[in-house]
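# Analysis of the macromolecular model
Listed below are the residues making up each chain.
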Amino acid sequence: MSTMLAGRLDYRTGEFAMEEVPVPQPGPGQVRIKVAAAGICLSDVHLIDGSLRLETGVDKVTLGHEVAGVIGAVGEQVPAEWQTGRRVLLQAGQPCGACPPCLLGRVGQCRHPLTRGVDYDGGWAEYAIAEHFTLVGIPDDLPLEQAAIIPDAVSTPWGAIVATADVRPTQAVGVWGLGGLGAHAVQLLRLIGAAPIVAVDPIPDARARALALGADHILDPGAADFAEQVRRITGGRGLDVAFDLAGAPPVWSQAQTVLASEGRLVLVGLAPQPLTIHQTTLFSYLRQQVRGHYGSAPEHVEQLVSLVGHHRLDLSGSISDVLPLAEAPRGVERLVKKEGSPIRLILKP
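Think of each chain on its own: its residues are numbered from 1, step by step along the sequence as written. This being a predicted model, a pLDDT of at least 70 is required before a residue's local features are given, and a value of 80 or more before pairs of side-chain atoms are given or counted; all residues contribute to the totals for chains, interfaces and linings. With hydrogens and water excluded, all non-hydrogen atoms of the structure serve as input to the side-chain values.

## Some words on the overall build of the chain
On a plain count of helices and strands, the chain comes out with 10 helices and 18 strands. Summarising its shape, the C-alpha atoms of the chain cover approximately 65 × 45 × 45 Å along the three principal directions. Exposure classes here rest on a 1.4 Å probe applied to the protein chains alone. A residue is buried below 20% of its type maximum, exposed above 50%, and partly exposed in between. Taking all 349 residues of the chain together, 52% fall into the buried category. Accessible surface, the chain: about 15,300 Å² in total, of which carbon and sulfur atoms supply 53%. Side-chain charges in the chain split into 28 positive and 36 negative, and the spacing between the mean points of these groups amounts to 4 Å. Working definition: helices are DSSP H or I runs of at least four residues, strands are E runs of at least two. Numbering for both runs from the N terminus. Working definition of accessibility: Shrake-Rupley area with a 1.4 Å probe, residue cover restricted to the visible protein chains. Asp and Glu count as negative and Lys and Arg as positive, but His and the ends of the chain are not part of the count. By convention, the charge on Lys lies at NZ, on Arg at CZ, on Asp at CG and on Glu at CD.

Below is the structure:
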């Protein structure tokens, strides 16, 4: 086979289309993955609709940063542990290799990290190329569809919880937006002992799902007595941490009204609008904070693979549907319309 099907976005025109492109060949230090599963993320949707605009340095890219599959070909200078037939997931990004920290060997301090499916070709294709240091081996009993979503849908909220927000056991937390990121945030917050967990979403099915996944309370953000309900749930204190997984300005305003003293508002969902701090004097007096979060570190993905391998985390309910790769445009449409309130839709070549 000399060509393959891929979902390509032209940054110049904004056009997304399924195209036949050459099958890539691995270079030194690289492997070629036979893609088995690739997630459809809301950030993919934002790239396609133009609401997420990034300086990438490329004109056209194969989308898809949540990818798992099997090593099919190995280039030169690849460590012996990465051989054909091994099941792997791919980290969602890699160091740029060109900034001063990278050139000095401090890749963990990279100033311009690259994202798979944004800055370079991703996994909405039959095959994908990966640098060997972005590979993570996965347990034999972990389905590839579940493995694929770990590098964003699961690792992004995990990084936000354990690193950016530094959530501790028994801290009261709120989660706004119970889609792909928020549903996993509820599971992960319960795993580390946050309590109570208040899940917030306007969609009844999403709220019911959050309750099944471990939320202690579910609230409709449109409720007239929303703030009073949160105060009652938290014994009058308010939330130690409020997570915005939706990227919605109304969430920022509402969350500020229910933060506890020294409470943190953590912005995980992406939005282009400016943030306004209401009652700035009170915000400062109570020593409240706003913290931005983006993506995850490689160790967060590795931690999650370990947790899944030790059966501490169950992702079996996270796969809402599996679609043929050729139906990627339809999958994007379903996510835009929130048909069935999906956690994650998966493309399978």
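The discussion continues.
## A short note on the sheet that holds strand 1 (residues 3-10)
Strand pairing follows a simple DSSP-based rule, namely that at least 2 bridges must link the two strands. Ordered by their spatial adjacency, 3 strands build an open sheet running 2-1-4, and the pairing between neighbours is antiparallel. Here the strands that pair on one side only, and so sit at the sheet edges, are strand 2 (16-22) and strand 4 (60-62). Here the average twist between neighbouring strands, direction ignored, is 45 degrees. Here 7 bridges tie strand 1 to strand 2, and the two strands are oriented antiparallel to one another. Paired with G7 across the strands is M18, a residue of strand 2. Every axis in this analysis is a line fitted to C-alpha atoms, fitted for helices over the stretch in contact. Angles between the N-to-C directions lie between 0 and 180 degrees.

## Looking at the layout of surface pockets
Two kinds of site are reported from a 1 Å grid over the protein atoms alone, namely cavities, where a 1.4 Å probe fits but cannot get out, and pockets, open sets with protein on both sides within 12 Å along at least five of seven lines, and residues are called lining when an atom falls within 4 Å of a point. Grid points are joined across faces, edges and corners, and a volume is the space filled by probe spheres set on the points. The space that makes up the second largest pocket amounts to roughly 270 Å³. Every residue lining the second largest pocket is counted, 18 residues in all, and those nearest its centre are P24, D121, G122, A128 and I129. Mapped by element, the contributors of at least two residues to the lining of the second largest pocket are strand 1, strand 2 and strand 9 (127-131). In terms of residue count, the dominant contributor to the lining of the second largest pocket is strand 9 (5 residues). Considered class by class, the residues forming the lining of the second largest pocket number 11 nonpolar, 4 polar and 3 charged. Under the convention adopted here, Pro, Cys and the residues Ala, Val, Leu, Ile, Met, Phe, Trp and Tyr are nonpolar, Asp, Glu, Lys and Arg are charged, and Gly plus all remaining residues are polar.

## Considering the pattern of salt bridges
Take a side-chain nitrogen of Lys or Arg and a carboxyl oxygen of Asp or Glu: if they are within 4 Å of each other, that pair is a salt bridge. In total, this model carries 16 salt bridges according to the counting rule given. Two residues, E81 and R86, come together in a salt bridge whose shortest N-O distance is 3.9 Å. With a relative accessible area of 32%, R86 lands in the partly exposed category. A salt bridge links R207 to D220, with the shortest nitrogen-to-oxygen separation between them at 4.0 Å.

## Some thoughts on the side chain of E131
Structurally, E131 can be placed in strand 9. The side chain of E131 is buried and forms no salt bridge, while R116, the nearest opposite charge, is found at 8.4 Å.

## Let's talk about unusual backbone geometry
Residue P196 is bonded to the preceding A195 through a cis peptide linkage, with omega at -5 degrees. With respect to the helices and strands, P196 occurs in the loop between helix 4 (180-192) and strand 12 (197-200). If you check the backbone angles, Q77 has positive phi at about 65 degrees while not being a glycine.

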